[in-house]
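Architecture and fold: a report
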Amino acid sequence: MSTAQLVSLTLAMLAGAVTLLGLVIVTGRALHRRRTRRDARLAADFRPLLLELTGGDDDIDEPLRRLAALDRRRWRAVEPSAISLLTKVSGHAHAALVSLFAQRGLARAALRDLDRFGAVRRATAAHVLGLMGHTEAAPALAGLLSDRSPEVRAVAARALGQIGAAEAADPLLASLAAGGGVPFHLVAQSLIRLGPGARPALAKALYHPEAAVRAVAAEVLGLTGAVETARVLIGVLAGDPSGEVRVRTARSLGRLGTPVCLEALIHATGPAHPHAVRVEAATALGDLGSPRAVPALCDLLGDPQYHVAHNAARSLARLGSGPAMAVLAETVAERPGTTAAGHAWEALAVLDLQAGQLRRPPTAPVS
Amino acid sequence: MAIVLVAEDDADIRDLIIFKLEQTGHAVTAVGDGLSALKAAREQTPDIILLDVMMPGMSGIDVCRELRRIPETAGLPIILLTARAQESDVATGLTAGADDYIVKPFSPRVLADRVHSVLTRTRA
């Protein structure tokens, strides 16, 4: 065979291959479109049943029976809508969908899928189990917190929060250690969703060797209003070696708002503490909502550190009580030209703006 | 029976609300964005309006504020639908003039009860 013939043959074979590939792609797309249209039609046919199931009162037996009895093809078309609805409803409607999924064997299938090779399958399974609040899946989901895929780890963390099993607190906190395989905010959100049952694990985590774990534990205890841990948090604010942990602890003490937090926060605004801790403590004193914080905040208005003084003024404005407002007004009137007066004036101006008014600048220039 | 205007961009939620409210005997008009809600409220003067906070074009809070400004819609009862993560919007919504709010994910039963309760309260 000559070179020319060889080239022609190669070109012909290439052209054939390209045509074949083109045909495969076009056919594949056409089939996919057809299947999508058919699934959409099927989903639309059964949508009234889904709405009846989720929106019905006690008469859901019939839609439940009919949806549970759907053949595989029809269920495949209905399932995405059902899962989508599961994320949007609560109470009786959620329970009805979970009951349907249980009858369809979705939980069993999802539990099996947690071990699949494909990350999408594992993540989807974790997502469904979380939405269903499938308590039995908690240990397997805790195992996925160290999954090789970051997406799977994130979905597993969220699912554990949705399930709300208190025993998930330890693995969730552990997932933050050693660099953390799961984003902090996801772990924090899930820990919050676990509720009061997670508090013993969170209180224990305040002594964890890793600062990241202590920081999240401190933050979540404040966010969940764990007032019984206020004294432990006060100890952390005073002695934790990490500035980040102390900052989050100060914020939490402000959120807890119990009387014992006041002295600890006032102390944390002292000059011996790092700047970030002082700034947060000045804000937290406003969060406490106690008029007893007014004298300390008043002293901080003249603080040489800008953000400390600024936050103290904003805290006084947030307290909003007579004495706090009087301090701000007196500072503007009696200390003109000082930075303290500037911070006080700004805090009052923000309050005015919130009330739809514009405060006139002070007559004396503010340095 | 009341005429209810529902403004919600999520088709699942919109369909479910329509189903539930029609089941409880109300006549429902539904739209998918804020501007359409404003237009429908002015044209149809419903008995009550359900507004999603996050909608394309104009937020539910802005719609609420605008409805309160227009004399013919100023007195209409309004319920806001807000996602749990936007709970801070609730205060803004109530300040904007909403009568009540429902947090998503929501229970259709509770939603129907809230509509009934706000209607009873505002008609009294």
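Note that the coordinates shown come from a computational prediction; the quantities given were computed from them, not determined experimentally.

Structural notes on the overall build of chain A
When you go through chain A residue by residue, the secondary structure sums to 20 helices and 0 strands. In terms of overall dimensions, chain A is more spread out than a globule: its C-alpha atoms have a radius of gyration of 30 Å, far above the 21 Å expected for 367 residues. Seen through its C-alpha atoms, chain A measures out along the principal axes to roughly 100 × 70 × 50 Å. A separation threshold of at least 6 residues defines the contact pool for chain A, and within that pool the share at least 24 residues apart is 65%.

Some thoughts on the overall build of chain B
If you tally the helices and strands in chain B, you get 5 helices and 5 strands. Secondary structure of chain B in N-to-C order comes out as β-α-β-α-β-α-β-α-β-α. In terms of overall dimensions, chain B is globule-like: its C-alpha atoms have a radius of gyration of 13 Å, near the 14 Å expected for 124 residues. For chain B, the spread of C-alpha atoms along the three principal axes comes to 30 × 30 × 25 Å. A buried classification covers 38% of the 124 residues belonging to chain B. Counting contacts in chain B only where the partners sit at least 6 residues apart, residues at least 24 apart contribute 59% of the total.

Thoughts on the packing of helix H1 (residues 3–55) of chain A against helix H3 (residues 72–86) of chain A
Residue and element names in this part refer to chain A. Relative to each other, H1 and H3 sit at 50 degrees, their axes nearing to 8 Å. Between H1 and H3, the crossing angle belongs to the class labelled oblique. Between H1 and H3 the crossing geometry is right-handed. On H3, the residues that touch Asp39, Leu42, Ala43, Phe46, Arg47, Leu50 and Thr54 of H1 are Arg74, Arg76, Ala77, Val78, Ser81, Ala82 and Leu85. Here the residues of the contact of H1 with H3 sort into 8 nonpolar, 2 polar and 4 charged.

Considering the UniProt feature "modified residue: 4-aspartylphosphate" (unreviewed entry) in chain B
All names here are of chain B. Mapped onto the present numbering, the UniProt feature "modified residue: 4-aspartylphosphate" (unreviewed entry) falls at Asp52. Within the secondary structure, Asp52 sits in strand E3 (residues 48–52). In contact with Asp52, not counting residues within four places along its chain, are Ala7, Glu8, Asp9, Gly60 and Leu81.

Let's talk about the interface of chain A and chain B
How big an interface is tends to be stated in terms of accessible area lost as the parts join. In this complex, chain A contributes 13 residues to the contact, which on the side of chain B involves 14 residues. When residues of the side of chain A that touches chain B are traced back to their parent elements, those giving at least two are H1, H3 and helix H4 (91–103) of chain A. In the side of chain A that touches chain B, the residues fall into 4 nonpolar, 7 polar and 2 charged.

Here we look at the sheet that holds strand E1 (residues 3–7) of chain B
Residues and elements named next belong to chain B. Strand order in the open sheet formed by 5 strands is E2-E1-E3-E4-E5, and the pairing between neighbours is parallel. Pairing within the sheet leaves two strands with one partner each, and these edge strands are strand E2 (27–31) and strand E5 (100–104). The sheet shows a mean angle of 20 degrees between the axes of neighbouring strands, direction not considered. Alignment of E1 against E3, held across 4 bridges, turns out to be parallel. Within E3, the position partnered with Ala7 by the bridge is Leu51. Its contacts with the sheet put helix H2 (residues 34–44) on E1, E2 and E3, and the angle it makes with E1 is roughly 165 degrees.

Regarding the pairing of strand E4 (residues 78–83) of chain B
All names here are of chain B. Of all 6 residues making up E4, 5 are buried, and the element is well covered by its neighbours. Between the parallel pair E3 and E4, the chain is carried across by helix H3 (residues 60–69), and the sense of this crossover is right-handed. For E4 and E5, the ladder comprises 5 bridges, and the chain directions are parallel. Each bridged residue has a counterpart across the sheet, and for Leu80 the counterpart in E5 is Tyr101.

Here's the deal with helix H14 (residues 243–256) of chain A
All names here are of chain A. Taking 1.5 Å of rise per residue, the 14 residues of H14 would be expected to cover 20 Å, and the 20 Å separating its terminal C-alpha atoms lies within 8% of that figure. Where burial is concerned, most of H14 is hidden: 10 out of the 14 residues are buried. Of the residues making up H14, those classed as buried are Val245, Arg246, Val247, Arg248, Thr249, Ala250, Ser252, Leu253, Gly254 and Leu256. Contacts from the buried residues of H14 go to helix H12 (211–223), helix H13 (230–239), helix H15 (259–268) and helix H16 (275–288). Taken from the residues just after H14, Gly257 is the one with a positive phi, measuring 70 degrees.

What counts, and at which threshold
- Residues numbered from 1 in each chain as written.
- Chains lettered and ligands numbered in written order.
- Predicted model: local features only at pLDDT ≥ 70, side-chain atom pairs only at ≥ 80, totals over all residues.
- Helix = DSSP H or I, 4+ residues; strand = E, 2+ residues; numbered from the N terminus.
- Rg over C-alpha atoms; globule rule 2.2 N^0.38 Å.
- Contact = placed C-beta atoms within 7 Å.
- Buried ≥ 20, exposed ≤ 12 C-beta atoms within 10 Å, placed from the backbone.
- Axes fitted to C-alpha atoms, helices over the stretch in contact; angles between N-to-C directions.
- Parallel < 35°, antiparallel > 145°, perpendicular 65-115°, else oblique.
- Left-handed = near helix turned anticlockwise from the far one by under 90°.
- Nonpolar A, V, L, I, M, F, W, Y, C, P; charged D, E, K, R; others polar.
- UniProt positions renumbered as here; feature names shortened; annotations may be inferred.
- Pairing = 2+ DSSP bridges.
- Right-handed = clockwise from strand over helix to strand, strands pointing away.
- Expected span 1.5 Å × (residues − 1).

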